[in-house]
Amino acid sequence: MSSTIADKRKAFFDYSIEERYEAGIVLEGWEVKAIREGRVQIREGYVVIRNGEIFLIGAHISPLISASTHVNPDNVRTRKLLLHAEEIKKLIGKVEQRGYTLVPLNLHYSKGRVKCEIGLAKGKKMHDKRQAEKDRDWQREKGQIMRSAAKDSR
């Protein structure tokens, strides 16, 4: 049971997501409080691999006004993501050899802890994006036709 905190919806438009992983995040106390208040966004965020570790960069957490006075909050600091060593090795191999990229998909709670779902993704070409948009429009139009047909049959 998990509830979503922040989404990166555009990731599904820009990338085709092959696999998903749930990673823990190393957070400071003020960050956890701010996230619980919903003051987080991952729209600009991305995931990188450095020295065999995985980091979330560019996620913005706005500090609360009531945060401790002795803390100097950095809104967009680099945050380490926690995965099992085997998962990290597997991701490093795919990113380096096969041209995949890692994308943060969402932040959510899992058993009271803040987790980051990351996706192993390949970038879509422009024609793929257009096709995805056409498919989405067709699904919407099809739903409207079905609903109007159901109303007419009554």
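Note that the structure is a prediction, hence the values are computed from the model and not measured. (Residues numbered from 1 in each chain as written. Predicted model: local features only at pLDDT ≥ 70, side-chain atom pairs only at ≥ 80, totals over all residues. Heavy atoms only, no water.)

## Quick word on empty space enclosed by the protein
Where we set the bar: Think of a 1 Å grid over just the protein atoms. A cavity is a set of points where a 1.4 Å probe fits yet cannot get out, a pocket is an open set with protein on both sides within 12 Å along at least five of seven lines, and lining residues have an atom within 4 Å of a point. Grid points are joined across faces, edges and corners, and a volume is the space filled by probe spheres set on the points. Any residue that is not Ala, Val, Leu, Ile, Met, Phe, Trp, Tyr, Cys, Pro, Asp, Glu, Lys or Arg is counted as polar, Gly included; the first ten are nonpolar and the last four charged.
Evaluation of the coordinates by the stated rule reveals 1 cavity of 30 Å³ or more. In this structure, the largest cavity spans a volume of roughly 30 Å³. Forming the boundary of the largest cavity are Ile25, Leu27, Ile35, Leu56, Ala59, Ile61, Arg79 and Leu107. Partitioned by chemical class, the residues of the lining of the largest cavity number 7 nonpolar, no polar and 1 charged.

## Quick look at the packing of aromatic side chains
Which entries qualify depends on this criterion: Each Phe, Tyr or Trp ring, with Trp reduced to its six-membered ring, pairs with another whose centre is within 6.5 Å; inter-plane angles below 30 degrees give stacked pairs, above 60 give edge-to-face pairs, and intermediate values give tilted ones. For a lysine, the NZ atom is tested; for an arginine, the CZ atom; a charge sits over a ring if that atom is within 6 Å of the ring centre and within 35 degrees of the ring normal.
Going through the model one piece at a time under the given rule, you end up with 0 aromatic pairs. Lying over the aromatic face of Phe55, Arg50 brings its terminal NZ or CZ to 6.0 Å of the ring centre.

## Considerations on the nonpolar core
Inclusion rule: Residue types Ala, Val, Leu, Ile, Met, Phe, Trp, Tyr and Cys, when buried and joined through side-chain atoms within 4.5 Å, form a set referred to as a nonpolar core. Categorising residues by exposure relies on relative accessible area from a 1.4 Å probe, with only protein chains included: less than 20% of the type maximum marks a residue as buried, more than 50% marks it as exposed, and the intermediate range marks it as partly exposed. Secondary structure elements are taken from DSSP: a helix is a run of H or I of four residues or more, a strand is a run of E of two residues or more, and numbering for both begins at the N terminus. When checking whether two residues touch, look at their non-hydrogen atoms; a contact exists if any pair is within 4.5 Å.
Val47, Ile54, Leu81, Leu83, Leu91, Leu107 and Ile118 are the most contacted members of the largest nonpolar core, which has 28 residues in total. Looking at this core, the elements with two or more residues in it are strand 2 (15–25), helix 2 (29–36), strand 5 (53–57), helix 3 (85–98), strand 8 (101–110) and strand 9 (113–123). Considering every element that reaches this core, the biggest residue donor is strand 9, with 4 residues. Contacts of Leu107, omitting those with residues within four sequence positions, involve Thr4, Ile5, Ala6, Ile25, Val40, Ile42, Lys115 and Cys116.

## Some points on the pairing of strand 8
So the rule is basically this: Strands are treated as partners if at least two bridges between them are detected by DSSP.
Counting buried residues along strand 8, 9 of its 10 residues qualify, which places the element largely inside the surrounding structure. Of the strand pairs in this sheet, strand 8 and strand 9 are connected by 9 bridges, and their pairing is antiparallel. Counterpart to Thr101 in the pairing with strand 9 is Ala121. Counted along the chain from strand 8 to the antiparallel partner strand 9, the turn is 2 residues long, and its residue Lys111 has a positive phi close to 55°.

## What to know about the pairing of strand 2
Note that strand 2 and strand 9 share 9 bridges and pair antiparallel. Residue pairing across strands places Gly24 opposite Lys115, the latter belonging to strand 9. Strand direction decides the pairing type here: strand 2 and strand 7 (residues 79–82), joined by 2 bridges, are antiparallel. The partner of Gly24 across the bridge, within strand 7, is Leu82.

## So, helix 2
Using the following cut-off: Each C-beta atom gives one direction from the helix axis, and the arc is the one those directions make.
Within helix 2 the residues assigned to the buried category are Trp30, Glu31, Ala34 and Ile35. Looking straight down helix 2, one finds that the buried residues subtend no more than 135° of arc, so they occupy a single side. Positive backbone phi, approximately 80°, marks Gly38, located one or two places after helix 2.

## Considerations on the confidence of the model for the protein chain
Stated precisely, the cut-off is as follows: Confidence per residue, as judged by the predictor, is encoded in pLDDT with a range of 0 to 100.
In the predicted model, the protein chain carries a mean pLDDT of 81, and 93% of its residues have values of at least 70. Ranking the elements of the protein chain by mean pLDDT puts helix 1 (residues 10–14) last, at 73, and strand 5 first, at 89.

## Overview of helix 3
Think of an α-helix as 3.6 residues a turn; residues three or four steps apart then line up on the same face. What counts, and what does not: One less than the residue count of a helix, multiplied by 1.5 Å, gives the span that helix is expected to have.
In this model helix 3 runs 20 Å from its N-terminal to its C-terminal C-alpha over 14 residues, within 8% of the 20 Å that 1.5 Å per residue would give. If you check which residues of helix 3 are buried, you get Ile88, Leu91, Ile92, Gly93 and Lys94. Looking at the buried residues of helix 3, the elements they touch are strand 2, strand 4 (46–50), strand 5, strand 8 and strand 9. Backbone geometry just after helix 3 places Gly99 at a positive phi near 75°.

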